[in-house]
Amino acid sequence: MSIFTGADIKNDLEIECDVCVVGSGAGGAHVAARLAEAGKRVVVLEEGSHNTSEKFNMNEADMYPLLYQDGGNRATADLSIAILQGRTVGGTTVVNWTTSFRTPEHVVEWWNEHHGVNINYDDLVPHWERVEARLGIERVELGFANRNNRVLWDGAQKLGWEASMLRRNVRECANTGYCGTGCPVDAKQSMLITLVPEAVSYGADVYANVKVETIKSGASRKITEIRGIVRDPETDKPTSKRVTVRPKLAVLSGGGINNPMIFFRSGIGNSNGRVGKRTFLHPACGTVAYFDEKVDPYYGAPQSVSSHQFARREGKMGFFLEAAPLQPMLGSTAIPGFGNPHTGYMERLPYANALVMIGIDGFDTSDFDEGGVVSMKKDGGIQVDYKWTPRLEESFREGIRACANLQLAAGATEVLSMHNDPVVMRSEADLAKLDKASYAKLRHKVFCAHVMGGCAMGGDPKTSVVDSSLRHHEFDNLFVVDGSVYPTSLGVNPQLSIYGLSSWASETIKSAV
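Residues numbered from 1 in each chain as written. Predicted model: local features only at pLDDT ≥ 70, side-chain atom pairs only at ≥ 80, totals over all residues. Heavy atoms only, no water.

**Focus: the overall build of the chain**
At step 1: If you tally the helices and strands in the chain, you get eleven helices and 23 strands.
At step 2: Relative to its length of 513 residues, the chain is compact, with a C-alpha radius of gyration of 22 Å against a globular reference of 24 Å.
At step 3: For the chain, the spread of C-alpha atoms along the principal axes amounts to about 65 × 50 × 45 Å.
At step 4: Counting over 513 residues, the chain shows a buried share of 61%.
At step 5: Taking all contacts inside the chain whose residues are at least 6 apart in sequence as the whole, residues at least 24 apart take part in 75%.
At step 6: Split by element, the accessible area of the chain, about 19000 Å² in all, is 48% carbon and sulfur.
At step 7: Within the chain, one finds 53 positive and 60 negative side-chain charges whose respective centroids are separated by 3 Å. (Helix = DSSP H or I, 4+ residues; strand = E, 2+ residues; numbered from the N terminus. Rg over C-alpha atoms; globule rule 2.2 N^0.38 Å. Buried < 20%, exposed > 50% of the residue type's maximum accessible area, 1.4 Å probe, protein only. Contact = heavy atoms within 4.5 Å. Areas by Shrake-Rupley, 256 points an atom, 1.4 Å probe, with all protein chains shown as cover. Lys, Arg positive; Asp, Glu negative; His and termini not counted. Charge placed at Lys NZ, Arg CZ, Asp CG, Glu CD.)

**Here's the deal with helix α5 (residues 147–159)**
At step 1: Here α5 spans 18 Å end to end across 13 residues, near enough to the 18 Å set by a 1.5 Å rise per residue.
At step 2: Of the positions making up α5, those classed as buried are N148, N149, V151, L152, W153, G155 and A156.
At step 3: Its buried side turned inward, α5 meets β6 (164–165), β14 (305–307), β15 (319–323), β16 (352–359) and α10 (390–409).
At step 4: G160 sits one or two positions beyond α5 and adopts a positive phi of about 75 degrees. (Expected span 1.5 Å × (residues − 1).)

**Looking at the packing of helix α1 (residues 26–37) against helix α11 (residues 495–512)**
At step 1: It is at 8 Å that the axes of α1 and α11 come closest, and there the two elements cross at 35 degrees. Seen along the crossing, α1 lies across α11 with a hand that is right-handed. The residues of α11 that touch α1, namely those facing A26, G27, H30, V31, R34 and L35, are Q495, I498, Y499, S502, S503, S506, I509 and K510.
At step 2: Partitioned by chemical class, the residues of the contact of α1 with α11 number six nonpolar, six polar and two charged. (Axes fitted to C-alpha atoms, helices over the stretch in contact; angles between N-to-C directions. Left-handed = near helix turned anticlockwise from the far one by under 90°. Nonpolar A, V, L, I, M, F, W, Y, C, P; charged D, E, K, R; others polar.)

**Re a negative patch on the surface**
At step 1: A cluster of acidic residues, E105, E109, E113, D122 and D123, forms a negative patch at the surface.
At step 2: Mapped onto the negative patch, the elements with two or more residues apiece are α3 (105–114) and α4 (121–134).
At step 3: Ranked by the residues each element gives to the negative patch, the list is headed by α3, at three residues.
At step 4: Position of D122 relative to the elements: it lies in helix α4.
At step 5: Given the relative accessible area of 52%, D122 is considered exposed. (Patch = residues over 30% accessible without salt bridge, like charges linked within 9 Å, V, L, I, M, F, W, Y side chains within 5 Å. Salt bridge = Lys/Arg side-chain N within 4 Å of Asp/Glu carboxyl O.)

**Quick notes on the nonpolar core**
At step 1: Within the largest apolar cluster, 160 residues are counted, with the highest numbers of intra-cluster contacts made by L45 and I226.
At step 2: Among the elements that line this core, the one with the most residues is α10, at eight residues. (Core = buried A, V, L, I, M, F, W, Y, C linked by side-chain atoms within 4.5 Å.)

**Section: the packing of α4 against α11**
At step 1: As a packed pair, α4 and α11 sit with axes 8 Å apart at the nearest point and diverge in direction by 115 degrees. What the angle tells us is that α4 and α11 run roughly perpendicular. Here α4 and α11 pass one another in a crossing that is right-handed. Only L496, S497, Y499, G500, L501, S503, W504 and E507 of α11 make contact with α4, whose side of the interface consists of D123, L124, H127, W128, V131 and E132. (Parallel < 35°, antiparallel > 145°, perpendicular 65-115°, else oblique.)

**A word on the pattern of salt bridges**
Where charged atoms of side chains with opposite charge meet at close range, the side chains can pair.
At step 1: All told, the structure shown has 35 salt bridges when counted by the stated rule.
At step 2: Note that E213 and K211 form a salt bridge whose closest N and O atoms lie 4.0 Å from each other.
At step 3: The class for E213 is partly exposed, based on a relative accessible area of 23%.
At step 4: Classification of K211 by relative accessible area gives partly exposed; the value is 22%.
At step 5: A network of salt bridges, in which partner residues are shared, links R34, E37, R130, R134 and E198.

And the structure:
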């Protein structure tokens, strides 16, 4: 009934339990806590290390390798989209920017209508309410917003666009601005300091530094074993130690890339070929603006304002708008240019503001928008491919235009697109320059911090991986509980959606053990 690291595992382990949960992020931590509370013998396996606030030194060079998948270097196979995902006890909740939205009701209705999902939106509401109370999720006031976020608010007011203050999962926030590298004061109510310790208090065992390689099934529709390799917490290299768990019920909560990889390595669970398909990334790009007065985009809550003015564009990919912090390392990857021009832009970092458009993928019925595909390379490595379409490129162009328009309206003296050769805009008339720019792969920077899909839920076992209760179509004792089950993207930052869904799913899982 504790949190063990790879250093604590001196010999091979063989464990029997009621429930084995793979992953300790937004999905896995909730399931583990709720089932342990119900008296189930729960074991959690987490690939990342157990890191606490004492290690969160706000040094990007230290924290990205420590807390992110692939040291922060995960990307699509063609390098066109950078993918930021957490890899630590608590998962991405440790490094996200605290933005908390419930799933929009129209999105759940879309799933029910177009994907055969059978979820009543109203059934999710009490679970969101419970989570919001538990994690201190409240809407911030306008006076709380830093200058970086006020640019979005002020520009929207000038243009008459919708904008709203965000809700955040924090208590006594110190406004350091370094949410993305782990909260140094434990203000962020991540799974690391909330549901993981809660699960342990109810009797769950958490094993960090254990990468699940395979799951095994018997002759019946049952998962019989989960096998993992112990990694050295100091070097992250695999050791000779193995962990084998034999659970009555298994829950995969490793996320939209790692869950499919477990199925691929295991050679099971993909008889319909749908594992890894319908992977959605909320592809994001944006603009950097410069102001005469200081912005200091590295201080203060990273996100406190959003705009969904363009979230539902008839016949086109919608997008929503948010601010992004610019700590030096993160800023250097976003700010365009090379050599001396890039150096010049970085020297003006205190005066910079960044806005991003976040594409809402998965809702195009004309060609059944499949988004991306996760697959396994011949050497066993991860491959993520993302479908690049004219619809996507159009959203990039219009999203960048919207960001630049907001910044100019808020008083920016210069706005740069994130193209390799940036489009420079100093007045509204300059926005027309964006029509001549290229939005093809590798012509401008694109990021992803929200991985969804890959194990999509649906009513038809031929076209989905799990059913509406999140039970795998092929196994009676296997559930997938995290953002990988979404059959489209969400159109909002996903953490609260996953919290509510996993809390709701836990009720079914408890009765299945």
